[in-house]
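Architecture and fold: a report
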Amino acid sequence: MAGDGIATTTKGGKEYPGKLTGRVLLTCMVAATGGLIFGYDLGVSGGVTSMDSFLKKFFPAVYNKESSVKPSDNQYCKFDSQMLTLFTSSLYVAALVSCVCASTITRKFGRRRTMFLGGVLFLIGALLNAGAQYLWMLVVGRILLGFGIGCANQSVPIYVSEVAPHKYRGALNMMFQLSITIGILAAGVINYFFSEIKGGWGWRLSLGGAAVPAIMIMIGALVLPETPNSLVERGKNEEAKTQLLRIRGVDNVDEEFDDLVAASGASKLVTNPWRTLLTKKYRPQLVFALAIPAFQQLTGMNVITFYAPVLFKTMGFGGSASLMSTVITNAVNALATLVSIFTVDKVGRRALFIEGGAQMFITQVIIGIVIALKFGISGNPGVLSKGFADGLVACICIYVAGFAWSWGPLGWLVPSEIFPLEVRSAAQSVNVATNMIFTFAIAQVFTTMLCHLKFGLFFFFAFWVVVMNVFIYKFLPETKGVPIEEMHTIWQKHSFWKKYVIEDEAIAVKGGHHV
């Protein structure tokens, strides 16, 4: 129970005492606000690209195509513009580059400094976008936003995983995803109200609003304590033990601290964590660092997040109606994430992955069939009845809920908790970089895919949901309740991965202790 301080026996054979202290809870909540900058950007870009005043100023060709569309024109293709999608997707190329650099900063200077740097870069990008007069200013601002997101996404999940007691690590780590969903929801609400501002300059406030979460993570990084893992990694053992005693809320943390020091000692033998990550021993972690973020994007959720207003507008909803529909789906996203927070450390990661995947598959197939019947090849549905519109939004909400309590939060949680200390920063960078590569690719080609695949786009993503569910069922061991420094034991026991895991003498396990 939270606060009882009773040791719990884990699958790794360890008994680490610790409470869910107020200090830990507050620390993880503040750190997880780093997700706000990612979520706000995910939500705001799709909204401003559906505002006529924004399109008229920066993308007049798209505005002319949309405003003069005739009933005979193909509705699926009216937003097909590579420059418009470049505005959205350029951020993720920058995030890809920065997360690799952030790995070194995180390892050598600590998690907090990386978070602070991310906030500074995001703030500058937000201000540049808000004052943009030319398209190049928008793109440069987006690149700076990307640098900030890369830093935050690289450091925050690691920070939370290292601070949280193993018994509550899943729920506390998911606060990062909850912050992402809150950021998306806030962006949707802001877009809805700012789009109504007379004079057509509301998009500036929407883009400039990103400064708020940027300032929040900067302040958080200044007041947060550093993680014991990072302190030990940098040779500050006494400070690390003092900090570990504070966040665990108990009188004795010797066993956990000794294991942490042993793991750090082993990590210092690794001179090149990038090369080490490619060795056979770390094959399971590398596979999941690549597969989970790739699959997370292939669920199709970011299509809904990025382009929900555009998607709803294409489906025949009016401008304000499309923004309101987006607000509704974003609210479902945030509320459903709470379900995951309260269940992940009880039912486990695998069960949520598989159930959420099944829910997404069923709703994607239903949506694809309904749109095929109603919109056909031309994408012209005629007059949409209120019942049809409500039903379509309801199906999308069920799909969003499935993602929000499975692949959304677990896509960040599982990779951040399975990496050993010696390759943790490098592996997390691989995780974030893969996420950004697929996010960029899908953001860049979505409108073109919608134009060519039409309703088949939903069947495309449904296929990948089946593939990823099979992957999780066959290859992911349960990580619930396993201390982060004992995570290597799950691979040694797994029927498939055990043949790859060769114990190194430096971190061999005898009787449950590192030697």
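Above this note sits the structure.
Now for a quick tour of the structure. A quick note: this is a predicted structure, and the numbers were derived from the prediction, not measured.

When its secondary structure is counted, the protein shows 23 helices and four strands. When each of the 515 residues of the protein is scored for burial, the buried share is 61%. Residue pairs at least 24 apart in sequence account for 82% of intrachain contacts in the protein once pairs closer than 6 positions are excluded.

What follows deals with a nonpolar patch on the surface. Taken together, the side chains of Phe361, Ile362, Ile366, Val466 and Val470 make up a nonpolar region of the molecular surface, amounting to roughly 400 Å² of accessible area. Looking at the nonpolar patch element by element, the count peaks at three residues for helix α18 (residues 349-375). In this fold, Phe361 is placed in helix α18.

Before going further, it helps to examine the side chain of Glu226. Mapped onto the fold, Glu226 is located in the loop between α10 (211-223) and α11 (228-233). According to the relative accessible area criterion, Glu226 is buried, its value standing at 9%. A polar side-chain atom of Glu226 sits 3.1 Å from the main-chain amide nitrogen of Arg111. Within the structure, Glu226 has its side chain in polar contact with the backbone nitrogen of Arg112 (distance 3.4 Å). Apart from residues no more than four positions distant in its own chain, Glu226 is found in contact with Phe109, Gly110, Arg111, Arg112, Tyr159, Leu231, Arg234 and Gln243.

Scanning the model with the defined rule gives 22 aromatic pairs in all. With a centroid separation of 6.2 Å and an interplanar angle of 85°, the aromatic rings of Phe295 and Trp407 are classed as edge-to-face. With Phe295 in helix α15 (residues 283-298) and Trp407 in helix α20 (residues 407-418), the pair connects residues that are 112 residues apart, well separated along the chain. A relative accessible area of 11% places Phe295 in the buried class.

Accessibility expressed as a relative area gives 32% for Phe361, which makes it partly exposed. Sequence separation of Phe361 and Gly402 is 41 residues, and the distance between their C-alpha atoms is 9.3 Å. With sequence-adjacent residues up to four places away left out, Phe361 is seen in contact with Ala462, Val465 and Val466.

Counting through the fold element by element, Ile197 comes out in the loop between α8 (169-194) and α9 (202-208). For Ile197, the contacting residues outside a window of four places in its chain are Gly202 and Leu205.

Time to look at the state of the cysteines. All chains considered together, the criterion is met by zero disulfides. The thiol of Cys99 is unpaired, and the distance to the nearest cysteine sulfur, on Cys101, comes to 8.4 Å. Of the cysteine sulfurs around Cys151, a residue in no disulfide, the closest is that of Cys101, at 8.2 Å. We classify Cys151 as buried; its relative accessible area is 3%.

Rules used in this analysis
- Residues numbered from 1 in each chain as written.
- Predicted model: local features only at pLDDT ≥ 70, side-chain atom pairs only at ≥ 80, totals over all residues.
- Heavy atoms only, no water.
- Helix = DSSP H or I, 4+ residues; strand = E, 2+ residues; numbered from the N terminus.
- Buried < 20%, exposed > 50% of the residue type's maximum accessible area, 1.4 Å probe, protein only.
- Contact = heavy atoms within 4.5 Å.
- Patch = residues over 30% accessible without salt bridge, like charges linked within 9 Å, V, L, I, M, F, W, Y side chains within 5 Å.
- Areas by Shrake-Rupley, 256 points an atom, 1.4 Å probe, with all protein chains shown as cover.
- Salt bridge = Lys/Arg side-chain N within 4 Å of Asp/Glu carboxyl O.
- Polar contact = N/O pair within 3.5 Å; in protein donor to acceptor, adjacent residues only side chain to side chain.
- Phe/Tyr/Trp six-rings, centres within 6.5 Å; stacked < 30°, edge-to-face > 60°.
- Disulfide = S-S within 2.5 Å.

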